[in-house]
Every structure is written in structure tokens, then in C-alpha cells.
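Listed below are the residues making up each chain.
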Amino acid sequence: MNTDSLQKISDLSKQIVGSDEPFKMIFSKIRSNDVPYNQIIVKPVRLKDNKKLSCVFRSSTKDETKNIDTEMFETMSATWLQTYFFNLDILTQDKTIQCLQSKKGKLSIIKKNVANKLAVDLSHDHNKKSFVNAEGPYYKDLGLISDGGLVFSKGQKKYNQVNKYIENIHHLLADAGERQTFRVADMGSGKAYLTFALNEYLSAEKGWETHVTGYESRPDLTDTCNNIVQKHHIKGLHFVTANISQAPSEPVDMVVALHACDIATDMAIAYGIQNHAEYIVLAPCCQKQIRKSMSGDHVLSPVIKHGILEERLAEMLTDGLRALFLQAKGYQTKVFEFISLEHTQKNVMITAKKGKVDPKAMTQFEEIKKTFGIEYHYLEKLFEK
Ligand SMILES: C[S@@+](CC[C@H](N)C(=O)[O-])C[C@H]1O[C@@H](n2cnc3c(N)ncnc32)[C@H](O)[C@@H]1O
């Protein structure tokens, strides 16, 4: 194959591989009987956060699959076209491009507009169950998924966080028993990827009649989300423009807050406790209040003269005190990393399930505050009359 022809095919395939759309490439028509494969079939897949190419090396006896980096594809496909195959078919959602080489090396490129039904492989993590039905049409409107059905690269981290968040809720609800209805408040719902996915999980997977409310202070976001709910006739979900502290008091089964900023997480906790939520699930973000409220000398003062360590200690105390406060109010708590750091730096999750009051928790809460010179934890303020 001459260099001009190779360059033409390489430019074409680079463009396809670099897009967020699904595609399939089929290398075929072997150059000689010594070629070990009959075909090589290439498709995009996501592994963790990275886009890779799944290559199926098909021989008469077996299929062998290898995942390769997209950067390696150019060199590998050039080798395949020069040594193994004459032809390459490229299928996208709306066209088929045939690159056909004659035995003398003449290249013809034939483009046809056809609708190809391509299997969409979103996460490729087939061993793991996906808790987000990314094929739900509203994910396109939310800007998470491309028209072709792939999670946009920029949305992949949020997609993984939401998936893990719901996986943890799934475990938490394992002993929730049969329910007719389930009421959820999502505090600081933002663009609402979690809110939509959780509503779908609870209704489709659990079979419960849902009443899911996303509370969000930005009206542009709640308007967009309510329009998407209406457009797709989604049941059991709505969005309210409100500060979390002003959310109407009403019975709720679960309160969630994914990265609600700073004290907004405390407002979510207070709302859950005051409205007798059975479950409270939080992934806190930017814990600033405690850091500002810490003063005086204590055993860790020489350590936290380094800003980063002061920040880490303040984060730990913020969330540790939240867990103690919840225990004092009759919740069993767990604090853990819900997803690896590569997906988000804010990867701590606090889950709380209604149980018995921990009689020591409030004393421990006060002792820790005293030890680290913490004037107050914002949560306490929310319970002052
Ligand atoms: C970092 S975003 C997270 C959004 C969403 N939960 C997610 O994970 O994609 C935090 C959202 O909380 C909202 N928010 C922060 N404080 C709030 C408050 N006190 N009341 C209502 N919304 C609040 C912000 O406007 C923002 O949309």
C-alpha cells in the first residue's frame, strides 16, 4: 500500500477514533494464507476513565480480544493494512465507509449514508452491574451522553461517581423490605445526574412508587431538569428551586447529597434528622466551616502549621463530627471511600441508617471540639431553637 493511500485511511480513522460516537472498524480480505487472522474488529470501550479500543482478532478457530490505547491504533492499523489485510470497513451510526485496496495497491474509498445499529458499550466493565441506565433518553438532554449513546469524556467521572453512589444505596437498602412508595430528597441536586438515575433505580429496579425531589438554589438548573422530566414523562421526580435550609418539612425516607458545598451538607443532615429519614447518604465537599472555627493550641498544632495538613485535619474533623452527631441522633453510621481518588478528590461517603441512639456520641462530639479548639460545628446551629 502506498504512503498516500495509507495517510488517507489513517486520517479518516483518526477522526472516527477521536470522536465520542460509537463505531466499528473491520479489517478484512487477507493478503496471504500466512495471515493468522481472518478479520480484526475494532470498537471503542471505556475502561475506568479511559477510552480504549477493543480489538477482536478473529481466526477460523477462535476470537482473541485485546484492549489497546487509542494512541497505539495508528501504528497498529498501518501494520495490519500493510501486512495482513486489503480492506477496511468503518461503520458509524449514520454511514459506512469502505476502504478497498486492489492487489496492485489502488485505493477506493466508498462512503454510503446508512443507519448502522451499533452496540453501545458504555463502561465495558461487564463484571460489574451498572446502576445508571445510560440509555435513558434524558441523559442526552442532561448532556451526559452523546447522540450515539456514549458517555462524553467530560462526563465520565460524574457517571462513575453516580454509579458508585447508587451501588452503595443498593447495598444500604438490601434489608429495606417491600415498600409501596419511597420518598427521597436530593439536596443541592445541581445538574441532577444522580437524581434522575436514583429515581430510575428505585422505580425500575426496586419497583417502588417514587417521590424524588431535587432541591437546588439555581433556578436555571431546576427549570432545565423539570423540562426534561416533562419531555420524557418521567414519573415520581421533580425539582424545586430552594435553599436547602428552606426546604419544606415533610416525611422523607432517604436524604442524599452528592457534593453539596460546605455547610449545605450539614443542612441536608439536619433536614434528614428533623424529618425522620430512615437513610441519609452523603458525599461531602469543601469542608471549610470547621477550619475557620478552629483556634488555640493543641497537641496537633505543630503538625497543622502546614496548610495542607490543617485542611486534611479540618476535613476529617468535619466529617467525623457529622458521623458522631448522627449517632447521637439515633443513626448507625459508616464513613468510607465510595470511589477511588482518580474519579474525584471528594470521595468520602457517610451513610446513616436509623437505629439506636449512641449514648456516648454527644460527649465524644463535645470532647473533640474542645481538644481542637472548635468553637462550633454548623450542624449544632441547625438544632438551636
Ligand atoms: C457541586 S454541585 C453538585 C451537584 C450534584 N449533586 C452533583 O453531584 O452533580 C453543588 C450544588 O449544590 C447547590 N447548592 C449549594 N448550596 C446550596 C443550598 N444551600 N441550597 C440549595 N442548593 C445548594 C449548588 O447550586 C450546586 O448546584
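Counting restarts for each chain, with residues numbered from 1 along the sequence as it is written. Given that this is a predicted model, residues contribute local features only at a pLDDT of at least 70 and side-chain atom pairs are listed and counted only at 80 or more, while totals for whole chains, interfaces and linings are drawn from all residues. Based on all heavy atoms of the structure, the side-chain values leave hydrogens and waters out of the count.

Participant: Help me understand the overall build of the chain, please; the structure alone is not making it clear to me.
Facilitator: Note on conventions: DSSP H or I runs of at least 4 residues are helices, E runs of at least 2 residues are strands, and numbering of each starts at the N terminus. A count of helices and strands for the chain gives eleven helices and 14 strands. Put simply, the radius of gyration uses C-alpha atoms, and a globule should come to 2.2 Å times the residue count raised to 0.38. Computed over its C-alpha atoms, the radius of gyration of the chain comes to 27 Å, more than 25% above the 21 Å expected for a compact globule of 385 residues. Taken along the three principal axes of its C-alpha coordinates, the chain extends 85 × 55 × 40 Å. Only protein chains enter the calculation, and the probe is 1.4 Å; a residue is then buried if its accessible area is under 20% of its type maximum, exposed if over 50%, and partly exposed in between. Every one of the 385 residues in the chain was classed for burial, and the buried ones make up 49%. Any pair of residues with heavy atoms lying within 4.5 Å of one another is described as a contacting pair. Counted over contacts in the chain with a minimum sequence separation of 6, partners at least 24 positions apart contribute 66%. Exposure was quantified through the Shrake-Rupley algorithm and a 1.4 Å probe, taking into account, for residues, occlusion by the shown protein chains and nothing else. For the chain, the exposed area adds up to about 19500 Å²; of that, 50% sits on carbon and sulfur atoms.

Participant: Help me out: how do you make sense of the domain arrangement of the chain in this one?
Facilitator: For an interface, size is often stated in terms of accessible area lost upon the parts coming together. What fixes the domain bounds is an automatic or database domain assignment. Annotation of the chain at the domain level lists domain 1 (3–113) and domain 2 (138–381). Spacing between the C-alpha centres of domain 1 and domain 2 amounts to 45 Å. Contacts between the two partners involve eight residues from domain 1, matched on the other side by twelve residues from domain 2. Counting the surface lost from both domain 1 and domain 2, the interface buries some 850 Å², and carbon and sulfur atoms represent 46% of this. Take a side-chain nitrogen of Lys or Arg and a carboxyl oxygen of Asp or Glu: if they are within 4 Å of each other, that pair is a salt bridge. Our count for the domain 1 to domain 2 interface comes out at zero salt bridges. Any N or O atom pair separated by 3.5 Å or less is treated as a polar contact, with the protein-specific requirement of one donor-capable and one acceptor-capable atom, and with residues adjacent in sequence counted only for side-chain atom pairs. Linking domain 1 with domain 2 are zero residue pairs in polar contact (both at pLDDT 80 or more), by the criterion used here. Once two parts are joined, some of their accessible surface, as seen by a 1.4 Å probe, is lost; buried area is that loss totalled over both.

Participant: What exactly am I supposed to notice about the site of the ligand here?
Facilitator: Around the ligand, a shell composed of 16 residues is seen, among which Lys-158, Gly-188, Glu-216, Ile-244 and Leu-258 lie nearest. Contact between the ligand and Gly-188: a nitrogen atom at 2.9 Å from a main-chain N or O atom of the residue. Between the ligand and the protein, one listed contact pairs a nitrogen atom with a side-chain N or O atom of Asn-243 at 3.2 Å. Relative to its unbound accessible area of 590 Å², the ligand is 80% covered by the protein chains. Of all elements in the fold, only β11 (254–261) and α7 (264–274) reach the threshold of two or more residues within the shell around the ligand. Per element, the largest residue contribution to the shell around the ligand is three residues, and it comes from β11. Here the shell around the ligand is composed, by residue class, of seven nonpolar, six polar and three charged. Residue proximity to a molecule or strand is established when one non-hydrogen atom of the residue lies within 4 Å of it. Each residue is assigned to one class: nonpolar for Ala, Val, Leu, Ile, Met, Phe, Trp, Tyr, Cys and Pro, charged for Asp, Glu, Lys and Arg, and polar for all the others, Gly among them.

Participant: I'm lost on the packing of helix α1 (residues 3–18) against helix α2 (residues 70–84) in this one. Help?
Facilitator: The geometry of a pair of packed helices is captured by two quantities: the angle between their axes and the separation between those axes. Where α1 meets α2, the axes come as close as 10 Å, and the angle between the chain directions of the two elements is 145 degrees. For the pair α1 and α2, the sense of crossing is right-handed. On the side of α1, the interface is formed by Leu-6, Ile-9, Ser-10, Ser-13, Lys-14 and Val-17, while α2 contributes Thr-70, Phe-73, Glu-74, Ala-78, Leu-81 and Gln-82. Looking at the contact of α1 with α2, its residues break down into six nonpolar, four polar and two charged. Axis definition: a line fit to C-alpha positions, over the contact stretch in the case of helices; interaxial angles, taken between N-to-C directions, run 0 to 180 degrees. Crossing handedness follows the turn of the near helix against the far one: under a right angle anticlockwise gives a left-handed crossing, and clockwise gives a right-handed one.

Participant: Help me understand α1 in this model?
Facilitator: One full turn of an α-helix is made of 3.6 residues, so residues set three or four places apart face in the same direction. Here α1 spans 22 Å end to end across 16 residues, near enough to the 22 Å set by a 1.5 Å rise per residue. Those residues of α1 lying buried are Ser-5, Leu-6, Ile-9, Ser-10, Leu-12, Ser-13, Ile-16 and Val-17. Taken down its axis, α1 places every buried residue within 165 degrees of arc, on the same side. α1 presents Thr-3, Asp-4, Lys-8, Gln-15 and Gly-18 as exposed residues on the side facing more than 90 degrees away from its buried surface. Tucked inside the fold, the buried residues of α1 contact β1 (24–30), β3 (50–58), α2, β5 (85–91), β6 (95–101) and β7 (107–113). Among the residues of α1, the N-terminal cap falls to Asn-2, whose side-chain oxygen and the backbone nitrogen of Asp-4 are separated by 3.2 Å. A helix is expected to span 1.5 Å for every residue after the first. Read the arc as the range of directions from the helix axis to the C-beta atoms.

Participant: Would you mind showing me how to read the nonpolar core here?
Facilitator: Inside soluble globular proteins, nonpolar side chains tend to come together where they are buried. Buried residues of nine kinds, namely Ala, Val, Leu, Ile, Met, Phe, Trp, Tyr and Cys, make up a nonpolar core once their side-chain atoms join them within 4.5 Å. By size, the foremost hydrophobic cluster in this structure holds 44 residues, and its most contacted members are Tyr-139, Tyr-165, Leu-173, Phe-196, Met-254 and Val-256. Residue assignment for this core shows that the elements contributing at least two residues are α3 (138–141), α4 (156–172), β8 (181–187), α5 (193–205), α6 (219–231), β10 (237–241), β11 and β12 (279–285). Sorting elements by how many residues they give to this core places α5 first, with seven residues. If we ignore the near neighbours within four places in the chain, the residues touching Leu-173 are Phe-182, Tyr-201, Leu-202, Lys-206, Trp-208, Met-254 and Tyr-279. Ala-185, Met-294, Leu-313 and Leu-317 belong to the second-largest nonpolar core, a separate cluster that totals 39 residues.

Participant: What should I look at first to understand the side chain of Ser-5 in this one?
Facilitator: By secondary structure assignment, the location of Ser-5 is in helix α1. Residue class for Ser-5 comes out buried when judged on its relative accessible area of 7%.

Participant: Before we go on, may I ask you to explain the sheet that holds β5 in this structure?
Facilitator: By definition, the strands of a sheet pair up through backbone hydrogen bonds, in either a parallel or an antiparallel sense. Two strands are said to pair when DSSP picks up at least two bridges between them. Spatially, the seven strands line up as an open sheet ordered β4-β3-β2-β1-β5-β6-β7, and their pairing is antiparallel. Two strands in the sheet have a free side with no partner beyond their single neighbour: β4 (63–69) and β7. Along the sheet, successive strands turn relative to each other by an average axial angle of 20 degrees, direction set aside. Pairing between strand β2 (residues 39–47) and β3: nine bridges, direction antiparallel. When the sheet's bridge partners are listed, Val-42 is paired in β3 with Cys-55. Here α1 sits on the sheet in contact with β1, β3, β5, β6 and β7, set at roughly 30 degrees to β7.

Participant: In this structure, what is going on with the sheet that holds β12? I would like to understand it.
Facilitator: Spatially, β10-β9-β8-β11-β12-β14-β13 is the arrangement adopted by the seven strands of the open sheet, whose pairing is mixed. The sheet terminates laterally at β10 and β13 (331–337), the two strands that pair on one side only. Sheet twist, expressed as the average angle between the axes of neighbouring strands with direction ignored, equals 15 degrees. Strands in contact with α4 are β11, β12, β13 and β14 (348–354); relative to β11, the strand with the most contacts, it is inclined by about 150 degrees. Across the face of the sheet, α6 comes into contact with β9 (209–216) and β10 while running at roughly 160 degrees to β10.

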